[in-house]
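Overview (structure and organization)
Each chain, written out:
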Amino acid sequence: MPTSFTVVPVEGQDSEPQPSRPPEEPTGSQQPPQAELSRPGEPGDGIPKESSPFINSAEMDRGNIYEGKNMALFEEEMDSNPMVSSLLNKLANYTNLTQGVVEHEADEDSKRKEIKAPCMGTFIGVYLPCLQNILGVILFLRLTWIVGTAGVLESFIIVFMCCACTMLTAISMSAIATNGVVPAGGSYYMISRSLGPEFGGAVGLCFYLGTTFAGAMYILGTIEILLTYISPNASIFKAEDVDGETQAMLNNMRVYGTCIIALMAIVVFVGVKYVNKLALVFLACVILSIFAIYAGVIKTAFDPPDFPICLLGNRTLSRHNFDICAKFIEVNNETLTTKLWRLFCDSPSLNATCDEYFSLNNVTEIQGIPGITSGVLIDNLWSTYTDKGSIVEKKGQPSVTGTEETKVGGVPYVFTDIMTFFTMLVGIYFPSVTGIMAGSNRSGDLRDAQKSIPTGTILAISTTSFIYLSCIVLFGACIEGVILRDKFGEAVNGNLVIGTLAWPSPWVIVIGSFFSTCGAGLQSLTGAPRLLQAIARDGIIPFLQVFGHGKANGEPTWALLLSACICEIGILIASLDSVAPILSMFFLMCYMFVNLACAVQTLLRTPNWRPRFKYYHWALSFLGMSLCFALMFICSWYYALIAILIAGCIYKYIEYRGAEKEWGDGIRGLSLNAARYALLRVEHGHPHTKNWRPQVLVLLNLDSEQVVKHPRLLSFTSQLKAGKGLTIVGSVLQGIYLDKYIEAQKAEENIKSLMGIEKTKGFCQVVVSPSFRDGMSHLIQSAGLGGMTHNTVLMAWPQSWKQTDSPFSWKNFVDTVRETTAAQHALLVAKNIDLFPTNQERFSEGDIDVWWIVHDGGMLMLLPFLLRQHKVWRKCKMRIFTVAQMDDNSIQMKKDLQMFLYHLRLNAEVEVVEMFENDISAFTYEKTLMMEQRSQMLKQMQLSKNEREREAQLIHDRNTASHSAAVVKCNAAAATPEKVQMTWTKEKFIAEKHKNRETNMAGFKDIFSMKPNQSNVRRMHTAVKLNGVILNKSQHAQLVLLNMPGPPKNRKGDENYMEFLEVLTEGLNRVLLVRGGGCEVITIYS
């Protein structure tokens, strides 16, 4: 980064010689070569950022560096903070193209030099696509049947609930879609960026599955129209009797569906551009069909169409096998039986034996569409739910039932194919209101997406809701109830029921609905692979990454293949009524999380939540979410549970294996708010004994490369904590933060990486301090937040404590012990930490020995219990040793300790070790003497070092004094108080030098004639004797825990304290020195 914009002529900076210029010619606009050569690469944080015009790219054109003097005050920030003019220029040129189709078209038309700017308005870009996606197969094939079965009132409730659900979702979606740019991916992008990758991936996959199954539903609808209403003779499987018709139809669906899906997949693979261009044709078919319905309704007011229905008593007859609705006819004064007679009787003669119901009831013929003014609406208000195989009967029609019910198989009645009830109809109907995301999915093609998406989507939902609600009333007012309940139009010669109402011809509806459902299937098979590709390219689900690839132009080939296979599952189910509830679950789950995302963002009031769409409220979003959740279980409780289970599994998979993404999502904000709330509620102070667990501050040592010296310390932490409670991993770098912040970042990255490897869940904190000692003190005092602070400090034993120049010397260690005691923290010191087991090791046998010498609040009891929860230590046995003195009853002590452990619910072997008073051995005396001599020698060496420094200063002062008297006088006046202020002569200097030498020699002579301190002798005696007892009992133990004696109150004996600890633990492989924090940590009470 340039440090100055002073323009000077520079020669020889470049590799090629430059022509020289006179000094007076340089202009202010010239950029010094140093500015170009010295731009450092910006260090990244390792988190992949999203493409945005607000982020200054590292590949920014070097020529765009600001040149001039008007803003010289900000010149050093130009690399990271661009000028507003350049930012606005980037924003103006920022494009956000829809993924897939636009890429395909751009590749096909690669000769074009410029990409056209988005130019779609609200009507073309949002309103019409939503209209096309919402109005579809259910309207044409099932709405009349739903009205006839549920009645006008309950059908109105069903439609109103579903439309209210989508309207509330559209309001929430509009708020999210207008809170910034929504790239390709539509609902997946909105949910993932609002609720995080886990929710986004789970709900995105559910939405993908819903879209794929929607394709299967549309294809099944296409085949049903083809085989039932257009060309019934095209059936491959023929039914031999009435009972086999349903199975034959399902088999035909499977064969034709497989063929059609293969054909559609080829069409999408080869010419997706033409599929999108044909969308207007399919939309025209839908709109034409809607107008034909309303025109037919108007026509029924004055000229109802002629569609007679044949009834036997109150039972509806299928007109496939007869033409005349009568038992017999008069021809030339002769009574002849009809085809209908032959279907119910055993012979054509008048005295034949006939079905009892046929004999007792008359055959009547009524108009199937009496018209809007006929008053049939009153009869159709109430529901008529039936079981599977029931006969469709007209309410209020006279009927005589025989003495015994005769077999109805083989007779031409109209039967119901499935059992009907309210909640099942909700599941079948709901897919007809889906498709509200079509506008948001095209956001890249809109001229003003933030204005068009809310307006177009809400208008489309309002229009379709009006169409559905009005159709329910009009169908109930125009069509006879038995025709409405006749799902396949068997009573009207196999015509589409809604087609009988249309004007000018039923074929308008039949052809229109055929092309509409065919086009919707193609659209689903086009959109679903792109949605899967968007999820795969985000990289949040590792096993889906292969589906992010495709053809060179971006077409998702592999995703298309998977979508076709999943669609085939729906085809093999073969029943439109069975497939519809499945996709209802997935769409409802998607809509539920759109509402949740809006509610969370609104309640959190995050600064970035600034939607342009203002007509939203968190209560509306919450109501929409609740309605979606209720509809899921209303439709089908077991499908709902399966969908929730699938989404939950995907969520946990992404959480466990998925890539970490930081999208600024609402769940992270919600977590921060919840954490803040919880922290404020956590009592600041010591928790109750029952709630106490070690909240550990781990003090790590780093080498010169900022690599952790003892990684086994983190392994031991994870074994001790098992992911529970608070863990803070801290370390100290010596220096000034402004000079060391890059090293601090590197150290933090190394520690976090090691924490991930060792599966240590916690937080990392690296402190830069002028002295290592102060840094440790700062960590112990300030680590944590509020009530979530550490109560235990874990550190490694300083192996190099005898080296005085080491930052990990005994002084720092002893001061750390004192500070933890002052802060009332427990202290754990792991000696020989490099011998401790890794997380992958397993001890098949062995002991964890606890040497309980003084009471420390129960830490020594609690730690082995926590360690044995981990699989490394699980098979180790716990043994507790305590020491009995001369006056103690060792037998009673053992009984009391066993009872204490019983009340603590701990399983452990108990042993009381007796230590008798005896004379201090010569070995102990000699070891104490050597320790004190070493300590005294270190002090003398330190003194001699200070004297040598002082001697060097004296020589420097002497040389300076001989230079000039004036300088000497000046130096004497300006000297600091720490320096010796005197005028040196040669005699004085020699005398001072000999005096220092004599003092040092006398000090060293005193070392060899000194006697050991009796207090130190007693301490060394205890350490030696206790060490011998521990070695005798626990030399082969996997881990030894023992009380750590406190440091001496007199600081002059600190180095002796380290020697005592060294002698106490000598010869043991793995030792954990434990010092309690001054509070009880384990209790016998519940």
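Shown above is the structure to which this text applies.
Source: prediction; values computed, not measured.

Here we come to the packing of aromatic side chains. This model, assessed by the stated rule, comprises 26 aromatic pairs. Measuring from centroid to centroid gives 5.5 Å for F123 and Y127, while their planes differ by 20°, and the two rings are stacked. Of this pair, F123 and Y127 are both found in helix α4 (residues 122-134), 4 residues apart, which corresponds to roughly one turn of the helix. Here the aromatic residues F328, W341, F344, F358, Y413 and F415 are joined through ring pairs into a cluster of three or more. Positioned above the aromatic ring of F358, the side-chain terminus of K327 is 4.6 Å from the ring centre. The positively charged end of K831 is found above the aromatic ring belonging to W797, 5.4 Å away from the centroid.

What follows covers the state of the cysteines. Going through the model one piece at a time under the given rule, you end up with 2 disulfides. What pairs with C310 in a disulfide is C325, and their sulfur atoms sit 1.9 Å apart. Between C310 and C325, the disulfide has an S-S torsion of 85° and is therefore right-handed. On the criterion of sequence distance, the pair formed by C310 in strand β1 (residues 308-312) and C325 in the loop between β2 (315-316) and β3 (328-331) is long-range, its members being 15 residues apart. In this structure, C310 and C325 share a single accessibility class: buried. Disulfide partner of C345: C354, at an S-S distance of 1.7 Å. Taking the sign of the S-S torsion, 105° for the link of C345 and C354, the bridge is right-handed. Accessibility classification places C345 together with C354 in one group, the buried group.

All right, on to the sheet that holds β2 then. In space, the 3 strands of this open sheet follow the order β2-β1-β5, with antiparallel pairing throughout. Of all the strands in the sheet, just β2 and β5 (363-367) have a single pairing partner and so form its edges. Looking at chain direction, β1 and β2 are connected through 2 bridges and run antiparallel. Within β2, the residue paired with L311 across the bridge is T316.

A contiguous nonpolar patch, built from F629, F633, W637, Y638, L641 and I644 and spanning about 590 Å² of accessible area, is present on the exposed surface. Per-element tally for the nonpolar patch: the top contributor is helix α22 (residues 637-657), with 4 residues. Among the structural elements, L641 can be located in helix α22. A residue is classified by how much of its surface remains accessible, and L641, at 44% relative accessible area, is partly exposed.

Parameters at a glance
Residues numbered from 1 in each chain as written. Predicted model: local features only at pLDDT ≥ 70, side-chain atom pairs only at ≥ 80, totals over all residues. Heavy atoms only, no water. Phe/Tyr/Trp six-rings, centres within 6.5 Å; stacked < 30°, edge-to-face > 60°. Helix = DSSP H or I, 4+ residues; strand = E, 2+ residues; numbered from the N terminus. Lys NZ or Arg CZ within 6 Å of the ring centre and 35° of its normal. Disulfide = S-S within 2.5 Å. Buried < 20%, exposed > 50% of the residue type's maximum accessible area, 1.4 Å probe, protein only. Pairing = 2+ DSSP bridges. Patch = residues over 30% accessible without salt bridge, like charges linked within 9 Å, V, L, I, M, F, W, Y side chains within 5 Å. Areas by Shrake-Rupley, 256 points an atom, 1.4 Å probe, with all protein chains shown as cover. Salt bridge = Lys/Arg side-chain N within 4 Å of Asp/Glu carboxyl O.

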